[in-house]
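Okay, here's what each chain looks like letter by letter:
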Amino acid sequence: MIEGPDRLQRLWTPYRMSYVRGEESEPQVGDELPLAEGADPACPFCRIAAGGAQSELVVHRGETCFVVLNLYPYNPGHLMVVPHRHVADYTELTEPETSEVAALTQQALRAIRQVSQPHGFNVGLNLGGVAGGSLSQHLHQHVVPRWSGDANFMTVLGQTKTLPQLLEDTRDLLAAAWSDS
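Residues numbered from 1 in each chain as written. Predicted model: local features only at pLDDT ≥ 70, side-chain atom pairs only at ≥ 80, totals over all residues. Heavy atoms only, no water.

Student: Sorry, what's going on with the nonpolar core here?
Tutor: In summary, soluble globular proteins display a tendency toward joint burial of nonpolar side chains. The biggest cluster of nonpolar side chains holds 32 residues, and the ones touching the most others in it are Val59, Val68 and Leu79. With six residues, helix 3 (residues 95-116) is the largest single contributor of residues to this core. Residue contacts for valine 59: discarding those within four places in its chain leaves Val67, Val68, Leu69, Leu79, Arg171, Leu174, Ala175 and Trp178. (Core = buried A, V, L, I, M, F, W, Y, C linked by side-chain atoms within 4.5 Å. Buried < 20%, exposed > 50% of the residue type's maximum accessible area, 1.4 Å probe, protein only. Helix = DSSP H or I, 4+ residues; strand = E, 2+ residues; numbered from the N terminus. Contact = heavy atoms within 4.5 Å.)

Student: I keep staring at the packing of helix 3 against helix 5 (residues 167-180) and nothing clicks. Help me out?
Tutor: For any two helices packed against each other, the geometry comes down to the angle between their axes and how far apart the axes lie. Taken N-terminus to C-terminus, the directions of helix 3 and helix 5 make an angle of 115°; their axes are 9 Å apart at the nearest point. Comparing the axis directions of helix 3 and helix 5 gives the class roughly perpendicular. Both helix 3 and helix 5 take part in a crossing whose hand is right-handed. Residues Leu104, Gln107, Ala108, Ala111, Ile112, Gln114 and Val115 of helix 3 lie in contact with helix 5, whose contacting residues are Leu173, Leu174, Ala177, Trp178 and Asp180. For the contact of helix 3 with helix 5, the residue count by class is nine nonpolar, two polar and one charged. (Axes fitted to C-alpha atoms, helices over the stretch in contact; angles between N-to-C directions. Parallel < 35°, antiparallel > 145°, perpendicular 65-115°, else oblique. Left-handed = near helix turned anticlockwise from the far one by under 90°. Nonpolar A, V, L, I, M, F, W, Y, C, P; charged D, E, K, R; others polar.)

Student: Honestly, the pairing of strand 7 (residues 141-146) in this entry has me stumped. Any pointers?
Tutor: Extensive coverage of strand 7 is indicated by the burial of five of its six residues. Both strand 5 (residues 79-83) and strand 7 contribute to a ladder of three bridges, which runs antiparallel. Looking at the pairing, leucine 79 lines up with valine 143 of strand 7. As paired elements, strand 6 (residues 120-125) and strand 7 share six bridges and run antiparallel to each other. Residue glycine 124 lies in a different strand from strand 7, and its bridge partner there is histidine 142. (Pairing = 2+ DSSP bridges.)

Okay, structure coming up:
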């Protein structure tokens with residue numbers, strides 16, 4: 001944080017500008033991606049699965065699922081385990097998808113522990129919009145590292161979450177740890 005002439009501290013979060021401008025929310029006309037059968041071209045997870053926008057944040061690609069950094073993380077290293085297939089409900093997963101979601105979640109925990117040594121984790125699914133799922137049409141499991149005091153005065157009073165590392169740097173560290181274990 002840098003203190004300015006007005007004695008206010010600034011948090012620089014340049015990666016958020018595309019969100020503020022609304023630049024990544026919809027696919028551009030003419031952006032033809034090799035979407036899987038049943039995929040939704042408006043779904044960010046389907047576009048990531050096909051190699052579109054934000055696919056550079058993918059940490060690992062499995063046979064039926066992939067692991068990607070959350071573009072708007074709750075904490076540094078916030079990963080999501082996502083089936084390639086556009087499916088909304090956990091009960092709609094095939095057995096191989098269910099197994100791979102579980103296995104990749106375990107591997108995500110190992111990789112984050114190796115890179116960041118968190119004190120704990122939140123792991124879970126938000127099924128449906130009323131459950132907090134902002135992208136509820138495409139199932140995804142969150143793996144959020146937690147540290148004592150990570151919901152401090154900045155978050156509570158300043159409504160600001162500090163992230164000490166660029167997403168691309170976090171992705172590189174986690175991908176390296178993923179291949180190590």
